[in-house]
Each structure stands twice: as C-alpha cells, then as structure tokens.
Amino acid sequence: MSGDSQAIDRLTNQEYKYGFVTDIEQETLPPGLDEDVIRLISAKKREPDFLLQWRLKAYRHWCKLYKERGEPHWAHVNYAPIDYQSIVYYAAPKKPPAYQSLNEVDPKLLETYDKLGIPLEEQKRLAGVAVDAVFDSVSVATTFKETLAEAGVIFCSFSEAVQQYPELVRQYLGTVVPYTDNFFAALNSAVFSDGSFVYIPKGVRCPMELSTYFRINAAMTGQFERTLIIADEGSYVSYLEGCTAPMRDENQLHAAVVELIALDNAEIKYSTVQNWYPGDEEGKGGIYNFVTKRGACRGVNSRISWTQVETGSAITWKYPSCILQGDNSVGEFYSVALTNNYQQADTGTKMIHLGKNTRSTIISKGISAGHGQNAYRGLVRIMPGAAGARNYSQCDSLLIGDQCGAHTFPYIDVRNATARMEHEASTSRIGEDQLFYCQQRGISTEDAVSMIVNGFCKEVFRNLPMEFAVEARQLLEVSLEGSVG
Amino acid sequence: MTETTAINDFYRTTFEQCGQEGFLDQPEAVRQMRHSAMDRFVQLGFPTTRMEAWRNTSVEPVAALEFHLPVEASPIDPRTIEPFSLRDSFQAMVAGGRLVPDQLPHDGLPQGVVIRGLADALKRIPEQVLPHLGRYADFNEQAFVALNTAFLSDGVFIQVPEGTLLKQPIHVIYLSTHATALVNHNSQLPIITHPRTLVVAGDNSRLTVIEHYVSLSGGTRLTEANGGLTFTNAVTEITAGAGSIVDYVRVQQESDDAAHIATVQTHQESDSQVGMHTITIGGKLVRNDVNTILAGEGAEVAMNGLYLVKGRQHVDNHTRIDHAAPNCTSTENYRGIMDDRGHGIFNGRIVVHPKAQKTNATQSNRNMMLSDTAMVNTDPQLEIYADDVKCTHGSTVGQIDEETMFYFLSRGIDRETARRLLIHGFTQEIISRIEADSVRMSVDKLVSQWLPDGQDSINVS
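Residues numbered from 1 in each chain as written. Chains lettered and ligands numbered in written order. Predicted model: local features only at pLDDT ≥ 70, side-chain atom pairs only at ≥ 80, totals over all residues.

Asker: Which residues make up the overall build of chain B, and what values do they have?
Answerer: Looking only at helices and strands, one finds ten helices and 20 strands in chain B. The proportion of buried residues among the 461 residues of chain B is 51%. Within chain B, counting contacts between residues at least 6 apart in sequence, those at least 24 apart form 82% of the total. (Helix = DSSP H or I, 4+ residues; strand = E, 2+ residues; numbered from the N terminus. Buried ≥ 20, exposed ≤ 12 C-beta atoms within 10 Å, placed from the backbone. Contact = placed C-beta atoms within 7 Å.)

Asker: I'd like a description of the overall build of chain A, backed by residues and values.
Answerer: Assigned secondary structure in chain A consists of twelve helices and 20 strands. By residue count, 52% of the 485 residues in chain A fall in the buried class. In chain A, 85% of the contacts between residues at least 6 apart in sequence involve partners at least 24 apart.

Asker: I'd like a description of the nonpolar core, backed by residues and values.
Answerer: With 239 residues, the main nonpolar core has V198, A231, L260 and I268 of chain A as its most contacted residues. Each of domain 1 (2-296) and domain 2 (401-461) of chain B gives at least three residues to this core. (Core = buried A, V, L, I, M, F, W, Y, C linked by C-beta atoms within 7 Å. Domains from an automatic or database assignment.)

Asker: Describe unusual backbone geometry, with residues and values.
Answerer: Excluding glycine, a negative phi dihedral is what most residues carry, and trans is how most peptide bonds are arranged. Of note, D88 of chain B is a non-glycine position whose phi angle comes to about 60 degrees, a positive value. Examined against the element boundaries, D88 of chain B turns out to sit in the loop between α4 (78-81) and β1 (90-95).

Asker: Summarise the packing of helix α2 (residues 35-44) of chain A against helix α3 (residues 49-68) of chain A; cite the residues concerned and give the values.
Answerer: Residues and elements named next belong to chain A. Following both chains from N to C, one finds α2 and α3 inclined at 155 degrees, their axes separated by 10 Å at the closest point. One finds that α2 runs roughly antiparallel with respect to α3. Note on packing geometry: the crossing formed by α2 with α3 is right-handed. Of the residues in α3, those in contact with E35, I38, R39 and S42 of α2 are L51, L52, R55, L56 and Y59. Tallied by class, residues from the contact of α2 with α3 come to five nonpolar, one polar and three charged. (Axes fitted to C-alpha atoms, helices over the stretch in contact; angles between N-to-C directions. Parallel < 35°, antiparallel > 145°, perpendicular 65-115°, else oblique. Left-handed = near helix turned anticlockwise from the far one by under 90°. Nonpolar A, V, L, I, M, F, W, Y, C, P; charged D, E, K, R; others polar.)

Asker: Got a sec to walk through the pairing of strand β9 (residues 230-240) of chain B? Specific residues and values, please.
Answerer: Residues and elements named next belong to chain B. Counting buried positions along β9 yields eleven of eleven residues, so the element is predominantly enclosed. Where strand β6 (residues 191-193) and β9 come together, three bridges link them in parallel fashion. Bridging across to β9, I191 finds its partner in T230. Taken together, the six bridges between strand β7 (residues 196-201) and β9 define a ladder with parallel strand orientation. The residue bridging A201 from the neighbouring strand is A240, located in β9. (Pairing = 2+ DSSP bridges.)

Asker: Talk me through the interface of chain A and chain B; I want residue IDs and the actual numbers.
Answerer: Contacts between chain A and chain B engage 31 residues on the former and 31 residues on the latter. Those elements that place two or more of their residues in the side of chain A that touches chain B are β19 (405-414) and β20 (420-429) of chain A. Looking at the side of chain A that touches chain B residue by residue, the classes come out as 14 nonpolar, ten polar and seven charged. In this sheet, strand β19 (residues 375-384) of chain B lies alongside β19 of chain A in antiparallel orientation, the contact comprising six bridges. Pairing of D413 of chain A across the sheet is with N377 of chain B, part of β19 of chain B.

Asker: Please set out the pairing of β7 of chain B residue by residue, giving values where relevant.
Answerer: All names here are of chain B. Extensive coverage of β7 is indicated by the burial of six of its six residues. Burial along β7 is two-sided: the face carrying R196, L198 and V200 and the face carrying T197, V199 and A201 are both buried. Sheet analysis places strand β4 (residues 155-160) next to β7, joined by six bridges and oriented parallel. When the sheet's bridge partners are listed, V156 is paired in β7 with T197.

Asker: Now, about the domain arrangement of chain B: what can you tell me, with residues and values included?
Answerer: Residue and element names in this part refer to chain B. Split into domains, chain B comes out as domain 1 (2-296) and domain 2 (401-461). Tallying the contact residues gives 15 residues for domain 1 and ten residues for domain 2. The set of elements that each furnish at least two residues to the side of domain 1 that touches domain 2 consists of β8 (206-214), β10 (245-253) and β12 (273-280). For the side of domain 1 that touches domain 2, the element with the highest residue contribution is β10, accounting for four residues. Here the residues of the side of domain 1 that touches domain 2 are counted per class, giving seven nonpolar, five polar and three charged.

Asker: Let's hear about the packing of helix α8 (residues 402-410) of chain B against helix α9 (residues 415-431) of chain B: which residues, and what values?
Answerer: All names here are of chain B. Close contact between α8 and α9 brings their axes to 9 Å; oriented N to C, the two are set at 130 degrees. By the angle class used here, α8 and α9 are oblique. Considering the relative orientation of α8 and α9, their crossing is right-handed. Of the residues in α9, those touching α8 at T404, M405, F408 and L409 are R415, A418 and L422. Of the residues that constitute the contact of α8 with α9, the class distribution is five nonpolar, one polar and one charged.

Asker: Lay out helix α11 (residues 445-461) of chain A in plain terms, naming residues and giving numbers.
Answerer: Residue and element names in this part refer to chain A. The terminal C-alpha atoms of α11, which comprises 17 residues, lie 22 Å apart, in line with the 24 Å expected from a rise of 1.5 Å per residue. Largest kink in α11: about 40 degrees, centred on G455. Among the residues of α11, T445, A448, V449, S450, V453, C457, V460 and F461 are the ones counted as buried. (Expected span 1.5 Å × (residues − 1). Bend = angle between axes of the 7 residues up to and from the residue.)

Asker: Just give me the short version of α9 of chain B, but keep the residues and values in it.
Answerer: All names here are of chain B. Taking 1.5 Å per residue as the helical rise, α9 with its 17 residues ought to reach 24 Å, and the 24 Å between its terminal C-alpha atoms agrees with that figure. Among all positions in α9, only T427, I430 and I431 are buried. Where α9 is buried, its residues meet β14 (300-309), β16 (329-338) and α10 (437-450).

Asker: I'd love a proper account of the environment of S364 of chain B, names of residues and values included.
Answerer: All names here are of chain B. Looking at where S364 falls in the secondary structure, it is placed in strand β18 (residues 359-369). According to the C-beta neighbour criterion, S364 is partly exposed, with 18 such atoms within 10 Å. When sequence neighbours within four positions are dropped, the list of residues in contact with S364 reads E332, N333, H393, G394 and S395.

Asker: Let's hear about the confidence of the model for chain A: which residues, and what values?
Answerer: All names here are of chain A. When pLDDT is averaged along chain A, the result is 79, and 78% of the positions lie at 70 or above. Per-element confidence in chain A is highest for strand β15 (residues 350-353), whose mean pLDDT is 95, and lowest for helix α1 (residues 2-12), whose mean pLDDT is 47. Counting contacts from residues 10-26, a segment whose pLDDT is below 50, to residues more than four positions away or on other chains yields 32 contacts. Every residue in residues 213-221 scores below 50 in pLDDT, and together they form 23 contacts with partners more than four places removed in sequence or on other chains. (pLDDT = per-residue confidence, 0-100.)

Asker: Which residues make up the environment of T311 of chain A, and what are the values?
Answerer: Residue and element names in this part refer to chain A. Relative to the helices and strands, T311 is located in the loop between β10 (303-310) and β11 (315-318). Residue classification places T311 among the buried residues on the basis of 26 C-beta atoms within 10 Å. As a C-alpha pair, T311 and N357 span 46 residues in sequence and 34 Å in three-dimensional space. Beyond its immediate chain neighbours, meaning those up to four positions away, T311 contacts Q274, N275, L338, L475, L476 and S479.

Asker: Give me the lowdown on the confidence of the model for chain B, citing residues and values where you can.
Answerer: All names here are of chain B. Overall, the predicted model of chain B reaches an average pLDDT of 86, with 89% of residues at or above 70. In the predicted structure, residues 218-227 sits below a pLDDT of 50 and forms 17 contacts with residues beyond four places in sequence or in another chain. Every residue in residues 454-461 is under pLDDT 50, and counting partners more than four places away or in other chains gives 13 contacts. Of the two predicted TM-score estimates for the complex, the pTM is 0.83 and the ipTM is 0.78.

In structure tokens:
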C-alpha cells in the first residue's frame, strides 16, 4: 500500500484551487450594525414601511438574544467568535469584475471547472470575469422570463418582489421562519440584502427548473440572502440553488433564510449544491454557512422535498425542515454532506408532523475525511393530531481516514399512538475488501474510492435534477481528492 | 434564579449541620471529597431544561422543595419485605439511606467476599474502599452525583476478590419511604436519601448484583401537597476487573409519587464482560443515567433497559457508552411501553474515542405506544472519532401490530389476551437477557403484574 499512501499524501496536500479576492467595493456602508444601518438598508432599497418595521423588530429581538444568551452553541462545531460589528451589512450589488479575461484567473481553478464540465462562459461568471456581450445576462434572463411570464410564474429578486408584489411578500414573509426563530434567522431578518422570490399560481406546473444558476441579475446577493417560494394550490416547482463550482465569495458569515410554502396539492422540490470555500488544509478561513431553511406543507396532499449536496464551507450548520400541516402531506429530505480537511458540518432536518397521515422520509449520507467532523442532527416530531403519521429515517456515515469524526444525533418525539417511526443509522469505513476488489481489476485506489462513495450516495443523487446529479458526482470526486485512506 | 439559590443554600445549610449522625468517623479523604462535592453542587445547581442532557426532564418538582435527610429508620418488620426477597441470594438492605445491620448475610459467603455497609467499610477497611469510592462517578459535571457525594454517609460496599466466582446473586433492597425527617422527626416533610453503592469485582471474578428500589406501601406515603414525598438520589459505582463477569440488574418500583434520580457508572478493564439491566416500573419523576467506560481492550458490555410508563409517570433514561480502548463490543437494547399520560425518554450516546479502533457497537431502542396521550422521545446518538468501527443504531416507535393481532384473533384468542401476550412478549427481549434464573423470573413476575389487567401469570390453555 506504500504507493497508495504516496498518492494519498500527494493528494492530501493539494490546495484548494481558489483564493479570496478582495477589491474595493463601491457604495458600501462602514462595518457595524445598529438601527440606523437597518433604516439605511431599507431606505436604499425603497422598502415599504411594514418591511422596515419588521426588520427593526427582528433587530431588537436579535439584540436581546445576543445580550441574553449570545450565539447558540449546541451544534457539534467549533469556531472563533464572530464579531458582528466588523461585518459590512450593505454593499451595492454591482461590483466591477475582478479580472478582465480568463487568462488572469488561477489556472488551477480553471482546471477544476474543466473537471466539472462547466461551459466557458459560465466559468467566467463564476470566477468573476467580466462577461462579454454574447452571454449577456440581461438577454438570457429575459428569454427565461418570457417563458415564465406566459405560465404566470413570478420569479424575481426579493427586492423586485417587494416593489412589485408587496402584498404577497407581506402575506407570507416570516410565516414559516419567524424572526424570533433563532439567532441567525433574527439577524437575517434584520439585515437581509436580497434573494429570490417565486410564486407559482394555482394549477401551474412551472415549465422549467428555476435556478439561481442562470438568474444572473440577482447573483451576488451577499451573505444575508432571503428566499421565499410560494406554490399555490395544485402547482409544482423545482428550484435549484447554488452551483457545483466553487463560487467566488468574500463573506465569511453566511446566514441565509429560505421559506417554502406549499398549499393544497402543491409540490416544491428544492435542490441545493453548496461548494463554498472550505478553508485551507489547516482549517484557516472558509465560509461559515449558518442557514435556516424551512418549508410548510400548509395544504392537503402537499409535498416538499429537500435535496442537498454539501461539500463546501468551513462550517455548515443547516437543517432544512418541513412542517407537515396539511393532511396527507409529505416531507422529504435527501442529503449528502462531505467534510474534508478541517471542515465541520452539523446538518440534518426537522420533520414536524401535525396533519393526519403525514409522511416523511429522511435519507442522510455523511462522508468524513481528513480531520472533518460530520454530524447528522435531526428531529422527527409527531404531534398528538398526526394520526397515522409515518416516518422513515436513515443516516449513514462513511469514514475515510482515522482523524475524522462522524456523529449522529437524531431526536425523536412521538405523541400519537398510531404513528410509526423508524430510525436507522450506521457508521463504517470503506471496506478494505471492496477496495481490494476494485484494485484487482485495475481500478486505481482513487477511482475505487470515488466509485464506492458515489454508490453510497446514490439514493440522494437520484433525487437531484438530471444535470445537477452529473455535476454532483464530479464535485464529490474533486472534493474527495486527497483523502483516500 | 433566586429560588434555586435558596434551595442551594438550604442544602448547603443542611450539609453544614450534618456534622453528626452517620457522618462522624469518616476518613479525612472522604470528608474532603464531600466538601468539594458540596461546593461543586452549589456552583452547578439543579439542572434546567435549557441544558441539552435535561431538555426533556424538568427537575423543577424536586428542585423547588426542601427535602430533608431522614433520621434513623424505624425497625423493619421482616414480613413487609418478604415479597421482595429473592430465594437463593445474599440479601442486604438499605432503609432511608442507611444499611440495616441485622439484615446482612452472614453465612455461606466465600472467603474474601465482602458485603457490608459503606459507612462500616469506610471505618474498618478504608484501604479497600478509598481507592474506588468517587473515582468513577464524576461529581464535577453532574449535579446529582455532586449532591449524593456531598451527603455520602452510607450504602453498600460489595467486593469480590480476584478469581472468585459467586454463584448466588447479591440482592440489595433499598427502601425509600421507611424513615422520618431529621428535623423534629416530622413525617410530613419531604425526605431525600442518597444511597451509595460501590461494587468492586476483582480480576477474573464473577458475580450478579441486583439493586432493588422499593417503597413500602402503607408507609409514610401521604397525599398532601409536599408532604411525605420521597426523593431517592442514588449513585452506584461498579468497577469490573480484567476478565471479570458482572451482571448488574437494577429494578426500580418505588411508589408512583416518588422522585428517583440514579446514576450508575461502570468502569471496565480489559476482557471484562458486563451486563447492565435497568428495569423501571415505579416512580413519578424518574431519571436514570447509566454509563460505562470500556477502558481496557476487549471489554464487552450489554446494556439493556425496560421502562414501563403509565399514569403520569415521567421516565428519562440516559445512557452513555465510552469506547476508550480498541476491540471493545457494546450491545445496547432499550424497550419502552408508554400508556395513559406517561412520558418515556431514551437518550443513548455511544462515544468512540480516537484510539478505539475495531469497535463494534450496536444500539437499539424500540417503543410501544398504548395511548394517544402518552409521549415518547428517543434520541439514539453516535459520536465517532475512529474510523475502523462498526456502529449502528436504530430506534422505532409503534404500537401493537394489527396483523399480529389478527393472527391471534384468527386462532380464537380474544383481543384482551392477545394484547397482553403481545405486550408481555415485547418485554421478553430485555428480561430474557438477565443471567440469573431467580432474578429473571422475579423481574418477569413484576412485569406481568404491571400489564393491563395484570395477573401474576397469563394462562392460555
């Protein structure tokens, strides 16, 4: 195995193929947070008064939380305290491109892009290169917008929605994740900069997968993103967030909030691929990804499905949840979380069963390599009214190397005698016999590991939209490079 | 906050007053330990539901009351404890936290086997007790262990020397209600006892220990608010030497208004095999912390538990298995039945330390819900820092399976009988793992009595 271990060393020592770029921002507020900053953000965005008041309430609640308890510390993660006064809470979304052409971009980064099979123009956008006229964001976005408008789908940036559909925003904002929900949700509610807004009218099946990937005009929405998706009765939407390529990003703390609302017979499918900067191999730097994501199945027979592939960020701390309110509603959670080097992940889901015959499925796959710490933390709560509720959870962990950790913390709370709930979890490492079998057939250790890992994650990838699934597979390969043990 | 402080002050005052009565003649080391434990308790205070380990259990009912230490237990009529006795066993009894000397076994103990009161042992054979007492149950982290340690005065000390196999089980009965308060001999006051048990199993020894916590019916149990409540705050430490085989059974069937908080901490040397069975039937507010550390290579533990919860009982089981050495095996099985407005909790944590390669750990928790007003929380947790491990856990919540029921009905067995059989059958996986026949049968009898329309035995003929 000495040849392998050399290969391992070589690969383990590979650096993240991308670094931070800091440039001078225009129209930026000085760092710090107080009520004036919030008023200013709100004013700059010409927001109606109700939103400003809401932000202020959220801010006051956050201050109270901060004073009384500080940040929450229950998650299985360690990080240095965050200085909230050193964060810039408002930066104008328009930024000059960092580079003039792809030639200036770190060739290693481009190599990664190639491995992931990202088109050239996409690469430019991701790396922060000025996009040329052919791939003009406005024109692309307009084409999509026309198709969507025909179907009656509203898909725009959050700021735009506040201006154009204030009633919808007012009706639904904060109804799934109230600003009192948690520390980071309160902070987000106070200072959120932008995000996406989706409304699918009654009976409409959204004609295409909605994706932030091509929603160029609303990209760079910053660290406090807010997404609100409403699927009206009988509608369907599939929403894709993030992208498989390492994103250029300057913010260390990301505290986003996503709210989904599914009314009668509606279905929302929300897929995430997150590949932010995970920090260097000594664990320095990297993004803190503290996200609150929650969907409410308000109507009967509604369905919300979360699929996530989390490979980036120094710390991932998120629990996409479903509140199964309507009778016969269904919640699903499929997750692959990978931690390499010194990455830490504490992720999972919450399934709150309120309605009769509600069903939920949780499939979580955690992969730890290097010094990574990977925890699944999930809650399944079956309330007294949820007669006939059903839950199935499966959480598997794969360990690669003897320095990493894999943890499982499910919380199960059942208050109805007709409910059935099953939870299973297993933890193991890649079997030597499996590796041996592959090597015997001339497959390199690295390829064998990637093959086994992909097999391990198959159940989750199957739930990703087609093109995402292919990329996610490649992404896993890239992220796992150097961790074969 | 002020209330809590007041209660802490109350215990502090009680602590300072109890220079007499059973605390005299303690070795200096014990006195020091008790003082640091008291200081630590005052710092920690009673746990609150804001703490992760206590999020499902509020100890408010016991934290808000002033529980008094009991005075000398009144003489015990042997007939009252007859029903609890176990044939073919060495029996010891602790009443109101004190050992009852005339109930100690005298004859037939193999040479070197020690079963005696902890206070007595501390006085006469401190060199055998002190190396172990307080070494395993950590009072720095756990408030109730600190409180127990602060008021440590008596209990039971069991020691089986190297290579000795003890066939008969050792049966220790703990009576919680048979005492009156230290203050004015007032039987109306809520009473706290801090029984302490220390089991030292020498290398290659073998023994079975049963701790049996009971309330005497018709004792001082009162229905008045705050009056006559009992609070048992028990701590048991077990150390299993290399190659030893220890089967430890804990049966708790105190009255349904009792508060019972227990910590069992086991320390296992290499190749030791320990069975820990926790059977909870009684008590209103119950918390069991059952932990073991697999400190030596090749150690094995089978941790089993059964909690039968009805009425308004609240039973919280927390277990922790620390795999601190390579090649250790742990098998954990907990089953619960919840009826009426009962609330059952299982929280099992398996921690595999970085050096504990080749660990094999399985954990399973299954729950049966018999009523819509009952509640169950199950949190099976794995924390793994080594890679060459096989760890699985699973938990389920369900009810009596309709198909199985149909099978019974189709064979002419009525619904009630079938239901009883199914519930009884559900408990067997735990009960059948108890090694000693007499113990297993007596536990099974207790469980049968608990069953709906409980009869001593169920006859289908």
